[in-house]
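Each chain, written out:
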Amino acid sequence: MRQLPKNTLWHATTAAGPESRTLQEDLDAEVAIIGGGFLGLSAALRLAEKGASVILLEAGELGAGASGRNAGFVVPHFSRAHPAMIQDALPAQFAERLLRLVERGGEQVFRLAERIGMGAQAEQSGWLQPAHSPKMAEALEQRAKEWQQRGRPVRWMSASETHAQTGTSIYHGALSDSSGGMINPLALVRGLARLAMNGGAQVYTRTPVACIVPQGGQHVLHTAQGKVVRADQVIVATNSGTHGAAAELGRSVLPLQVYQVATRPLDVETIARIAPNRVPVSDSRTNIFTYRLDAENRLISGGMALIPLAAERRMAKRIATRLATELKLESTPAVEYVWRGTAAVSRDGLPSVVSMGEKIWGATGCNGRGVAFTNMLGASLADWVLSGADPNNAPLPVSPAAALPFRGLGRMAPSAVLLKAMVADWIRPQEGQP
């Protein structure tokens, strides 16, 4: 598997994880997990705590994919959907299960962070989604009411209060959720691995799984090094990866390249103006504007490239310039780190559980909300697998694995959507559709 360079802020500032090694012998387990990100590790932790024998195989290093390369926003919401939409789209029992997984994601992440002892690397300071237009303000205010009806700590924030919290006067209000926050995602990955291993899970890195072969009522996972793991059930947690045994799952979603930057630490006066309560911000534009602080007061933001090919240098300049413009900074901030990761985008904008064969389960499609959601889904998948994996009791509707039609052409769609959004922002910055 081709490895992305370790040039992220998180790789530069995070303590080493638990020692792991390549699989060197044939082994047996009740459950085998492919993928060492949030989903796989949270499932491994729950399985180990329930007393099951579990082996996790990661092709590269722990957190080498999206889990260790995102911006660390903890957002217990959908990227586009809301409760009423979910209740209309899914059967009642699955709608309720999905809503519970999403809405409790922030609390789960920060419980894990406390167990790990992450300290200042995890801040449950809340989350803001400012509305960039009157239409979006109306839509977000209604969403806030829907979450409130479910007993969630969500409220609608006025335009003046949003200005006070962001230093930005263009917004028409904001949805505020106090259960969200921000985290060092790689520290969370490594902490999860340590908890899982201490609980009895066997974790192997640099061990790609080439294929899964049914044999005698079990599944035999063949690694690239020629070793095998025999397991009763398999969980595939490989996001949008399409190498080896991950291919079938990865082709069911669209990989979206997202670039992130971290600036040099800001001065206290600027912080007091743009983030007085250290609340991370993700606004409602299609060409989304985001920002947050890290524990050292670096400013972190991200975006997509129109031409996502060797775009790190171009994106560093573009994102830094946008930060200066949107936040009215005195000068363009100096960028210390720039990196990219991949989000898995599903056709309907919702996550799914995928049947990849008898007792082989995949899960993907977090649509940019993976930090909060996957830690909930991994634990829920583990409970479901141990209970017998009845599709009627699954955490999400179970569907057969199916490649996205015209997936190759679809990979160009985000660039077209982004271009349209950038033009709209330039021509009509205060207009938009909910």
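Remember, it's a predicted structure, so these values are computed and weren't measured experimentally.

How each quantity is defined
- Residues numbered from 1 in each chain as written.
- Predicted model: local features only at pLDDT ≥ 70, side-chain atom pairs only at ≥ 80, totals over all residues.
- Heavy atoms only, no water.
- Core = buried A, V, L, I, M, F, W, Y, C linked by side-chain atoms within 4.5 Å.
- Buried < 20%, exposed > 50% of the residue type's maximum accessible area, 1.4 Å probe, protein only.
- Helix = DSSP H or I, 4+ residues; strand = E, 2+ residues; numbered from the N terminus.
- Contact = heavy atoms within 4.5 Å.
- pLDDT = per-residue confidence, 0-100.
- Axes fitted to C-alpha atoms, helices over the stretch in contact; angles between N-to-C directions.
- Parallel < 35°, antiparallel > 145°, perpendicular 65-115°, else oblique.
- Left-handed = near helix turned anticlockwise from the far one by under 90°.
- Nonpolar A, V, L, I, M, F, W, Y, C, P; charged D, E, K, R; others polar.
- Patch = residues over 30% accessible without salt bridge, like charges linked within 9 Å, V, L, I, M, F, W, Y side chains within 5 Å.
- Areas by Shrake-Rupley, 256 points an atom, 1.4 Å probe, with all protein chains shown as cover.
- Salt bridge = Lys/Arg side-chain N within 4 Å of Asp/Glu carboxyl O.
- Phe/Tyr/Trp six-rings, centres within 6.5 Å; stacked < 30°, edge-to-face > 60°.
- Lys NZ or Arg CZ within 6 Å of the ring centre and 35° of its normal.
- Pairing = 2+ DSSP bridges.
- Expected span 1.5 Å × (residues − 1).

## As for the nonpolar core
- If you look at the biggest cluster of nonpolar residues, it comprises 74 residues, and the most contacted ones within it are Ile33, Phe78, Ile86 and Ile183.
- The leading source of residues in this core is helix H13 (residues 370-386), at 9 residues.
- Excluding its chain neighbours within four sequence positions, the residues that come into contact with Ile183 are Trp10, Gly72, Val74, Val109, Ala113, Met118, Gln121, Ala122, Leu188, Arg292 and Val371.
- Core analysis: the second largest hydrophobic core is formed by 26 residues, Leu128, Val261, Val279 and Met315 among them.

## Some thoughts on the confidence of the model for the protein chain
- Confidence in the prediction for the protein chain averages 92 pLDDT; 92% of positions are at 70 or higher.
- The low-confidence segment residues 430-434 (pLDDT under 50) makes 15 contacts with residues lying over four places distant or belonging to another chain.

## What to know about the packing of helix H6 (residues 105-116) against helix H9 (residues 185-198)
- Look at H6 against H9: their axes get within 10 Å of each other, and the N-to-C directions meet at 65 degrees. Classified by the interaxial angle, the pair formed by H6 and H9 is roughly perpendicular. Helix-helix and strand crossings are classified by hand; for H6 and H9 the assignment is left-handed. Of the residues in H9, those in contact with Val109, Leu112, Arg115 and Ile116 of H6 are Leu188, Gly191, Leu192 and Leu195.
- Here the residues of the contact of H6 with H9 are counted per class, giving 6 nonpolar, 1 polar and 1 charged.

## Looking at the packing of helix H5 (residues 92-103) against H13
- Two numbers describe how H5 lies on H13: the axes approach to 8 Å, and their chain directions differ by 125 degrees. Here H13 runs oblique to H5, going by the angle between their axes. Across the interface between the two elements, Leu98, Arg100, Leu101 and Val102 of H5 pack against Phe373, Met376, Leu377 and Ser380 of H13.
- When grouped by side-chain class, the residues that make up the contact of H5 with H13 number 6 nonpolar, 1 polar and 1 charged.

## A few points about the environment of Ser331
- Mapping Ser331 onto the fold places it in the loop between helix H12 (312-326) and strand S17 (335-345).
- Judged by its relative accessible area of 51%, Ser331 is exposed.
- The spacing of Ser331 and Ile274 is 57 residues in sequence and 14 Å in space, taken between C-alpha atoms.

## With respect to a nonpolar patch on the surface
- A grouping of Leu306, Ile307 and Leu309 is seen on the molecular surface, where their side chains present a nonpolar patch of about 310 Å² in accessible area.
- Checked against the element boundaries, Ile307 lands in the loop between strand S16 (298-303) and H12.

## Concerning the packing of aromatic side chains
- Summed over all chains, the structure comprises 4 aromatic pairs.
- With a centroid separation of 6.2 Å and an interplanar angle of 75 degrees, the aromatic rings of Trp10 and Trp339 are classed as edge-to-face. Remark: Trp339 occurs in strand S17 and Trp10 occurs in helix H1 (residues 9-13); sequence separation between them is 329 residues. As far as burial versus exposure is concerned, Trp10 and Trp339 are alike and both buried.
- For the pair Phe289 and Tyr291, a centre-to-centre distance of 5.8 Å together with 40 degrees between the ring planes defines the contact as tilted.
- Its end group placed over the ring of Phe94, Arg97 keeps NZ or CZ at 5.0 Å from the ring centre.

## Some remarks on the sheet that holds strand S3 (residues 73-74)
- Within the open sheet, the 3 strands sit side by side as S3-S8-S4. Their pairing is antiparallel. Here the strands that pair on one side only, and so sit at the sheet edges, are S3 and strand S4 (122-123).
- Bridge count for S3 against strand S8 (residues 181-183) is 2 bridges, and the pairing is antiparallel. Its bridge partner lying in S8, Phe73 is registered against Met182.
- Set on the sheet, H6 makes contact with S3, S4 and S8; between it and S8 the angle comes to about 40 degrees.

## Focus on H12
- With 15 residues, H12 should reach 21 Å at 1.5 Å per residue; the first-to-last C-alpha distance of 21 Å fits that figure.
- Among all positions of H12, only Glu312, Met315, Ala316, Ile319, Ala320, Arg322, Leu323, Ala324 and Glu326 are buried.
- The first or second residue beyond H12 is Lys328, which carries a positive phi of 55 degrees.

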